[in-house]
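Geometric and topological summary
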Amino acid sequence: MTAREWVEVAALRDLARRGRTLVTVGDEQIGLFMIDGTVYALRDVCVHKQRSLTKGTILRGRVICPGHQWAFDPATGRADGQDRCQPTYEVRVEDGAVFVDPRPRTLAAEENR
Ligand code: FES
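Residues numbered from 1 in each chain as written. Predicted model: local features only at pLDDT ≥ 70, side-chain atom pairs only at ≥ 80, totals over all residues.

Under an unreviewed UniProt entry, the name given to the protein is Rieske 2Fe-2S domain-containing protein, and the organism recorded is Microtetraspora glauca.

Shown next, in the form of structure tokens:
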């Protein structure tokens, strides 16, 4: 069993103001999104054709990729009407700071078994 690895990546106030931000932790490029007051973290590079999700838009609670407008559920990474899934990360907010576990959720879940 491996403990979570929390890495501080952003100030909550900055994320709230901008709505999204791109951070790099090790080899992972992670897009942070503030949607309806909740912080989500998805891999920034789209599973479809590698466009940057943080350059997309947020619409009706979905992250819309600028490449071909796939609409991702930020909580699960599932794309509406597609069979591909964007990797997501665990997020923790504490004392005005945003932390992520930079291991994609599925990988972290397997390691925690
Ligand atoms: S590159 Fe993201 S939907 Fe095509």
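That shown, we press on.
1. Some thoughts on the sheet that holds strand S1 (residues 7-11)
Taken in spatial order, the three strands make up an open sheet running S1-S10-S9, and their pairing is antiparallel. Here the strands that pair on one side only, and so sit at the sheet edges, are S1 and strand S9 (91-94). With strand direction ignored, the average angle separating the axes of adjacent strands in the sheet is 30°. Summarising the sheet, S1 and strand S10 (residues 97-100) pair through four bridges and their orientation is antiparallel. For Glu8, the partnering residue across the bridge sits in S10 and is Phe99. (Pairing = 2+ DSSP bridges. Helix = DSSP H or I, 4+ residues; strand = E, 2+ residues; numbered from the N terminus. Axes fitted to C-alpha atoms, helices over the stretch in contact; angles between N-to-C directions.)

2. Section: the nonpolar core
Counting residues in each nonpolar core, the largest one holds 22 residues, and the members touching the most others are Val9, Leu32 and Ala41. If you list the elements that add at least two residues to this core, you get S1, strand S3 (28-35), strand S4 (38-43) and S10. It is S3 that provides the largest number of residues to this core, a total of four residues. Once residues within four sequence positions are removed from consideration, Ala41 is found in contact with Ile30, Leu32, Thr88, Tyr89, Val91 and Val100. (Core = buried A, V, L, I, M, F, W, Y, C linked by C-beta atoms within 7 Å. Buried ≥ 20, exposed ≤ 12 C-beta atoms within 10 Å, placed from the backbone. Contact = placed C-beta atoms within 7 Å.)

3. Here we look at the UniProt feature "domain: Rieske" (unreviewed entry) in the protein
Per the UniProt record, "domain: Rieske" (unreviewed entry) is annotated on residues 6-100. Taken as a whole, residues 6-100 contains 7% helix and 45% strand, while its terminal C-alpha atoms sit 5 Å from one another. (UniProt positions renumbered as here; feature names shortened; annotations may be inferred.)

4. Regarding the pairing of S3
Bridge count for strand S2 (residues 20-25) against S3 is six bridges, and the pairing is antiparallel. Within S3, the residue paired with Leu22 across the bridge is Gly31. Where S2 hands over to S3, the hairpin turn is made up of two residues, of which Gly26 adopts a positive phi near 60°. Where S3 folds back onto S4 in an antiparallel hairpin, the turn is made up of two residues, including Asp36, whose phi is positive at roughly 50°.

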